[in-house]
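Each chain, written out:
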There are 2 protein chains.
Amino acid sequence: MSKTEVPYKIYLTEDEMPKAWYNLRADMKVKPAPLMHPGTHKALTAEELTPIFCEELVAQELDETTPFIEIPEEIRGFYKMYRPSPLVRAYCLEQKLQTPAKIYYKFEGNNTSGSHKLNSAIAQAYYAKKQGLKGVTTETGAGQWGTALSMACAYFGLDCKVYMVKVSYEQKPFRREVMRTYGASVVPSPSETTEVGKKILAEHPGTTGSLGCAISEAVEVATKNPGYRYVLGSVLNQVLLHQSVIGLETKTALDKYGIKPDIIIGCAGGGSNLGGLIAPFMGEKLRGEADYRIIAVEPASCPSFTRGTFAYDFCDTGMICPLAKMYTLGSSFIPSANHAGGLRFHGMSTTLSQLYHDGYMEATSVEQTSVFEAAEQFARIEGILPAPESAHAIRVAIDEALKCKETGEEKTIVFGLTGTGYFDLVAYQKYNDKEMSDYIPTDEEIAASVAKLPKVE
Amino acid sequence: MSKTEVPYKIYLTEDEMPKAWYNLRADMKVKPAPLMHPGTHKALTAEELTPIFCEELVAQELDETTPFIEIPEEIRGFYKMYRPSPLVRAYCLEQKLQTPAKIYYKFEGNNTSGSHKLNSAIAQAYYAKKQGLKGVTTETGAGQWGTALSMACAYFGLDCKVYMVKVSYEQKPFRREVMRTYGASVVPSPSETTEVGKKILAEHPGTTGSLGCAISEAVEVATKNPGYRYVLGSVLNQVLLHQSVIGLETKTALDKYGIKPDIIIGCAGGGSNLGGLIAPFMGEKLRGEADYRIIAVEPASCPSFTRGTFAYDFCDTGMICPLAKMYTLGSSFIPSANHAGGLRFHGMSTTLSQLYHDGYMEATSVEQTSVFEAAEQFARIEGILPAPESAHAIRVAIDEALKCKETGEEKTIVFGLTGTGYFDLVAYQKYNDKEMSDYIPTDEEIAASVAKLPKVE
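Definitions and cut-offs
- Sequence order as written defines residue numbering, which begins from 1 separately in each chain.
- Lettering of chains starts at A and numbering of ligands starts at 1, both following the order in which they are written.
- Confidence filtering applies because this is a predicted model: local features only for residues at pLDDT of at least 70, side-chain atom pairs given and counted only at 80 or more, and all residues used for totals across whole chains, interfaces and linings.
- With hydrogens and water excluded, all non-hydrogen atoms of the structure serve as input to the side-chain values.
- Where helices and strands are cited, they refer to DSSP runs of H or I of at least four residues and of E of at least two residues respectively, numbered from the N terminus.
- What the globule rule says is 2.2 Å times the number of residues to the power 0.38, and the radius of gyration is computed from C-alpha atoms.
- Whether a residue is buried, partly exposed or exposed follows from its accessible area with a 1.4 Å probe, protein chains only, as a fraction of its type maximum: under 20%, in between, or over 50%, in that order.
- Note on contacts: a residue pair is in contact if any heavy atoms of the two residues lie within 4.5 Å.
- To be clear on the numbers: accessible area is Shrake-Rupley with a 1.4 Å probe, and residue cover counts the displayed protein chains and nothing else.
- In summary, the charge assignment counts Lys and Arg as positive and Asp and Glu as negative, without counting His or the chain termini.
- Positions of charges follow a simple convention, taking NZ of Lys, CZ of Arg, CG of Asp or CD of Glu.
- Following DSSP output, two strands are said to pair if at least two bridges run between them.
- In this analysis, axes come from line fits to C-alpha atoms, helices being fitted only over the stretch in contact, and the angle between any two N-to-C directions falls in the range 0 to 180 degrees.
- For Phe, Tyr and Trp, where Trp contributes only its six-membered ring, two rings pair if their centres lie within 6.5 Å, and the inter-plane angle classes them as stacked under 30 degrees, edge-to-face over 60, or tilted in between.
- Criterion for a charge above a ring: Lys NZ or Arg CZ within 6 Å of the ring centre, and within 35 degrees of the ring normal.
- Superposition of the copies was done by least squares, using only C-alpha atoms of residues whose pLDDT is at least 70 in both.
- As a working definition, buried area equals the accessible area (1.4 Å probe) given up by two parts on being put together, with both sides summed.
- One side-chain nitrogen of Lys or Arg within 4 Å of one carboxyl oxygen of Asp or Glu is enough to make a salt bridge.
- By the criterion applied in these results, polar contacts are pairs of N or O atoms within 3.5 Å in which, for protein atoms, one can donate a hydrogen and the other can accept it, and in which residues neighboring in sequence qualify only through two side-chain atoms.
- Here a crossover is taken to be right-handed if, once the strands point away from the viewer, the path from the first strand over the helix to the second is traced clockwise.
- Take the buried residues of types Ala, Val, Leu, Ile, Met, Phe, Trp, Tyr and Cys, join any two whose side-chain atoms come within 4.5 Å, and each joined set is a nonpolar core.
- Expected helix span is taken as 1.5 Å per residue step, with the number of steps being one fewer than the number of residues.
- The cut-offs work like this: below 35 degrees is roughly parallel, past 145 is roughly antiparallel, 65 to 115 is roughly perpendicular, and the gaps in between are oblique.
- Here the nonpolar group is Ala, Val, Leu, Ile, Met, Phe, Trp, Tyr, Cys and Pro; Asp, Glu, Lys and Arg are the charged ones; every other residue, Gly included, is treated as polar.

Describing the overall build of chain A
Stage number 1. Scanning chain A for helices and strands turns up 18 helices and 15 strands.
Stage number 2. Compactness check: chain A gives a C-alpha radius of gyration of 21 Å against a globular reference of 23 Å for 457 residues, within 12% of the reference.
Stage number 3. Projected onto the principal axes, the alpha-carbon positions of chain A cover approximately 65 × 50 × 45 Å.
Stage number 4. Looking at chain A as a whole, 65% of its 457 residues are labelled buried.
Stage number 5. For chain A, the proportion of contacts with a sequence separation of at least 24, taken over those separated by at least 6, is 76%.
Stage number 6. Element-wise, carbon and sulfur atoms account for 52% of the exposed surface of chain A, whose accessible area totals about 15700 Å².
Stage number 7. Charge separation in chain A, taken as the distance between the mean sites of 46 positive and 55 negative side-chain charges, equals 2 Å.

Quick look at the sheet that holds strand β8 (residues 185-189) of chain A
In sheet architecture, strand pairing relies on hydrogen bonds along the backbone and comes in two forms, parallel and antiparallel.
Residues and elements named next belong to chain A.
Stage number 1. Sheet architecture is open: four strands sit in the order β8-β7-β6-β9, paired in parallel fashion. Bordering the open sheet on either side are β8 and β9 (228-230), each of which pairs with just one other strand. Between one strand axis and the next, the sheet turns by 25° as a mean value, whatever way the strands run.
Stage number 2. Bridge count for strand β6 (residues 135-140) against strand β7 (residues 159-165) is six bridges, and the pairing is parallel. Bridge assignment links T137 to a residue of β7, and that residue is K161.
Stage number 3. Contacts from helix α10 (residues 211-224) reach β6, β7, β8 and β9, with the element oriented near 170° to β6.

What to know about the packing of aromatic side chains
Aromatic rings considered in pairs are described by the distance between their centres and by the relative angle of their planes.
Residues and elements named next belong to chain A.
Stage number 1. A full pass over the atoms with the stated rule returns 43 aromatic pairs over all chains.
Stage number 2. Feature note: the residues F78, Y79, Y82, Y126, Y127, Y155 and F156 constitute an aromatic cluster, connected by ring pairs.
Stage number 3. Here the basic side chain of R176 rests over the ring of Y169, its NZ or CZ set 4.7 Å away from the ring centre.

Digging into the sheet that holds strand β6 (residues 135-140) of chain B
All names here are of chain B.
Stage number 1. Spatial ordering of the open sheet is given by β8-β7-β6-β9, a layout of four strands whose pairing is parallel. Strands at the two margins of the open sheet, each flanked by one partner only, are β8 (185-189) and β9 (228-230). The average undirected angle you get between the axes of adjacent strands in this sheet is 25°.
Stage number 2. Note that strand β7 (residues 159-165) and β8 share five bridges and pair parallel.

Brief notes about the relation of the copies chain A and chain B
Stage number 1. With an RMSD of 0.0 Å, the fit of chain A onto chain B corresponds to turning through 180° and sliding 0.0 Å along the axis. Both copies of the chain, as the preceding transformation shows, are related through a two-fold rotation axis. Minimal C-alpha separation from the rotation axis in chain A is found for A:N110, amounting to 3.1 Å.
Stage number 2. A symmetric contact is evident, with 100% of the interface residues of chain A recurring at the interface of chain B.

Brief notes about the interface of chain A and chain B
Stage number 1. The interface is formed by 42 residues belonging to chain A together with 42 residues belonging to chain B.
Stage number 2. Approximately 4000 Å² of surface area, both sides summed, lies buried where chain A meets chain B, with 57% of it carried by carbon and sulfur atoms.
Stage number 3. In this assembly, chain A and chain B are joined by two salt bridges.
Stage number 4. A salt bridge links A:R180 to B:D433; its shortest N-O distance comes to 2.7 Å.
Stage number 5. Linking chain A to chain B there are 25 residue pairs in polar contact (both at pLDDT 80 or more).

Digging into the environment of B:E217
All names here are of chain B.
Stage number 1. Tracing the backbone shows E217 in helix α10 (residues 211-224).
Stage number 2. Exposure remark for E217: the relative accessible area of 0% places this residue in the buried category.
Stage number 3. For the pair E217 and T138, spaced 79 residues apart in sequence, the C-alpha to C-alpha distance is 8.6 Å.

Quick look at the environment of A:I215
Residue and element names in this part refer to chain A.
Stage number 1. Tracing the backbone through its elements, the reader meets I215 in helix α10.
Stage number 2. Of the residues examined, I215 reaches a relative accessible area of 8% and is grouped as buried.
Stage number 3. The spatial distance from the C-alpha of I215 to the C-alpha of I320 is 8.8 Å, given a sequence separation of 105 residues.
Stage number 4. The residues contacting I215, other than those within four sequence positions of it, are E139, Y230, D316 and C321.

Re the pairing of strand β11 (residues 293-299) of chain B
Walk down a regular strand and you will see the side chains alternate between the two sheet faces.
All names here are of chain B.
Stage number 1. Of all seven residues that make up β11, six are buried, and the element is covered over most of its length.
Stage number 2. In the sheet, strand β10 (residues 263-267) pairs with β11 via five bridges, with the strands oriented parallel. Across the sheet, residue I265 finds its bridge partner in β11, namely I295.
Stage number 3. With helix α12 (residues 272-286) bridging β10 and its parallel neighbour β11, the resulting β-α-β unit is right-handed.
Stage number 4. Bridge analysis of β11 against strand β14 (residues 362-366) gives five bridges, and the strand direction is parallel. Each bridged residue has a counterpart across the sheet, and for I295 the counterpart in β14 is E362.

What to know about the nonpolar core
Stage number 1. Grouped together as the largest cluster of nonpolar side chains are 242 residues, with contacts concentrated most on A:M361 and B:M361.
Stage number 2. Apart from residues lying up to four places away in sequence, B:M361 is in contact with B:L274, B:I278, B:M282, B:I294, B:A296, B:F305, B:L352, B:L355 and B:Y356.

Comments concerning helix α15 (residues 368-382) of chain B
All names here are of chain B.
Stage number 1. Here α15 spans 20 Å end to end across 15 residues, near enough to the 21 Å set by a 1.5 Å rise per residue.
Stage number 2. Those residues of α15 not exposed but buried are Q368, V371, F372, A374, A375, E376, F378, A379, I381 and E382.
Stage number 3. G383 sits one or two positions beyond α15 and adopts a positive phi of about 90°.

Let's talk about the packing of helix α15 (residues 368-382) of chain A against helix α17 (residues 425-432) of chain A
Residue and element names in this part refer to chain A.
Stage number 1. Orientation of α15 relative to α17, taken along the N-to-C sense of each, is 100°, at an axis distance of 11 Å. By the angle between their axes, α15 is roughly perpendicular relative to α17. Between α15, through T369, F372, E373, A375 and E376, and α17, the contact on the second element is made entirely by A427, Y428, Y431 and N432.
Stage number 2. Of the residues that constitute the contact of α15 with α17, the class distribution is five nonpolar, two polar and two charged.

Quick word on unusual backbone geometry
Stage number 1. In this chain, A:S189 is followed by A:P190 through a cis amide linkage whose omega measures 5°.
Stage number 2. Note that A:P190 resides in the loop between β8 and α9 (195-203).
Stage number 3. For the bond running from B:R83 to B:P84, omega is -5°, close enough to zero to count as cis.
Stage number 4. Checked against the element boundaries, B:P84 lands in the loop between α3 (73-82) and β4 (87-89).
Stage number 5. Despite not being glycine, A:V235 has its phi angle at roughly 65°, a positive value.
Stage number 6. Considering the arrangement of structural elements, one finds A:V235 in the loop between β9 and α11 (237-256).
Stage number 7. By relative accessible area, A:V235 is classed as buried at 12%.

Section: the pattern of salt bridges
Stage number 1. Enumeration over the complete set of coordinates arrives at 58 salt bridges over all chains.
Stage number 2. The partner of B:E373 in a salt bridge is B:R395, with the nearest N and O atoms 3.9 Å apart. With B:E373 in helix α15 and B:R395 in helix α16 (residues 388-407), this pair connects stretches of sequence that are 22 residues apart.
Stage number 3. A network of salt bridges, in which partner residues are shared, links A:R83, A:K106, A:E108 and A:E249.

Comments concerning the environment of B:A296
Residue and element names in this part refer to chain B.
Stage number 1. Inspection of the secondary structure puts A296 in strand β11.
Stage number 2. Its relative accessible area of 1% is what places A296 among the buried residues.
Stage number 3. Counting along the chain gives 31 residues from A296 to I265, while the straight-line C-alpha distance between them is 6.1 Å.
Stage number 4. Leaving out residues up to four positions away in the same chain, A296 has contacts with G266, A268, L274, F305, M361, E362, A363 and T364.

Keep in mind that these numbers describe shape and distance, not what the molecule does.
Below is the structure:
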């Protein structure tokens, strides 16, 4: 295929943009196991979820049968400000690698939040506004989700309270300032603004916080303040639903040029990007209409798919959230301080966990220095400075392309480039200064946290 | 005009992208005055310029007659990785302002360097490579130009030595790390690596550097090392030529939908973005084919057009560079420490200066707090966090749209959104914390530096 046939960047027209999200669960014969109440061990009902989450989002969370859910006009209007995102043909990378493979990437970083997170943030903010709420609360670690939610809330005039893990609040002041510029209030967690925060501060005066603690604070504020609900940026089914816009656009763009991918690659933390990217392709696979190799890439330091256990577990380290059946390293597992904050989650989306369990997808793990090597190579050749999370997918895409070089196969590889690395330059500096190291947990470490999984049934 | 007629973002196809740059000077009856030798006060010849600049770039610098200069295939290939840039219809901003005006912006921030600077960096790197050079040297202050040049050099495998003003090197470590990730060597200036740097350090041991000093170091290294040349990111005619790609794309996109702008607005520091954006429109105006209001926006703290003098002056504060006839505040003018580093230049492109002098364009100046107010408003409504430089154009675009609201006129406004503000969050923090102030130089201050202009003829 010559360069003139497929452009460097395939952009859909506005008419070609998806008008409905695709609900992958509708095509799954074995549905993901339901969220369970941590006390009663019974499947959570809509009634139990609505004090925490917005009503329509609860409905989406529990809907396992409707294949397509219309994207409201207001959300489609917002999508048009930064979408469609380009599907890029990596001609320069192919040439540099001297591979017969054809490499494409769906680039989600061309918006101020810098990642795909905005796709779900705007949806969740919309439903909160529609319900007449005053505002929403959330937690953020690395800051991509908090930034995205701040942008979405600014657009709809909603109040946005972000509990930011204290160590990130202090180490990533620029992320914090973006959120503040969008009008969000950003509170370092643990804080004196909540009961749970006060309790933790009393017990651990010098603590720099954790995601589990920030979740607890955000949930407390949402449930105690009338007109507020809590929102979450990954793991949940509703989030995968909204993120299906990534995969739907990708498929339409490929179809325009008659391209059928052989391999689809995405990085996996909680699963929001991977689940969104693969959705329509996995749907074809589930319906027996097509076959694809689908590869989840996770950090070797936090290998939930490749070394975790498929079982019910808490979604948060604070153990206050519902139980989800998923591949997990145990909610007490503390990943080493790697630089892909968005992938440092002990568990995984229940939908993706079920699909992996049932053999519909593969998973692999990669070490951080090799990830940054790929990131640097990609930046220099394709021009884009990738987020460390995204670079996990780049690593495996390059490896697969190099295998094609050996075998001479002209495979078509598609990967998700979820975001940019502008706020990750401390990590790049460590790599540039050759001060970055790898850490792989021992079997004993994983076994120790898995041993603490809640006993269910 | 309804929303369905013009999309939110107009993207050209690759076939529609410009194949030649437009040399505005070819259509000027009164040409810009030539660069002069600082010692002899004679117009500089190609022979005198080639020890410093690449040969083909010198030819472009001196060419006043060729209207279109072909963009080499290699540069067009690189352009396709991040161009065409979108021309965005600011529907959301229009709605929020309740203005009958139609607002468009050409967004140049969707690349890792974060600005339009890459358009000229890749061209200059290409010609250096073609000439068989080993590398190039440059200076950078705020860091956009240094980043862009690092990316371009990485692509062509050229060595890149960036002298970064020491205070920026220390205060903007992330900019530095992006450059290092692209393989550039970044040296804080003044440094011990040059004679001029050693001299300055001996005389001023604690100095945090200046752009003038960094230029001197970069030029010294380029001229003393075989296989190296010096490159510059603004002011020069060659840079405006390369940046014409912005205006050419804008015009093609508008023409596709039969849109004729009434007002074209750009921020102006050295003039590279403004000169590029307006090029084809100004060409029509010069040829008497169309008329447009063209507005240059500069910071009130560094008002070269609105309060400067049209005269020969040094381009650098170190007074080692050629003399250029331009609107200038005097090369000894020290602008207050405002947050739009890219606009803190005492002079202006000679081409734009001549056009302004001859009445083909207007200029206005705005104060920084009002610029950040517009930046925040724009970010919240249109989603993009703008660079402080770009926000100068946003400020005036909003003001013009509000005038239309008063008069009821449905004017079409086009402005240049040159880049993103991801590396300017210290400035946003100051604004968020209400710690930002304005400073306007007094008449006496400007008169004092203008009095030191070199005596020519």
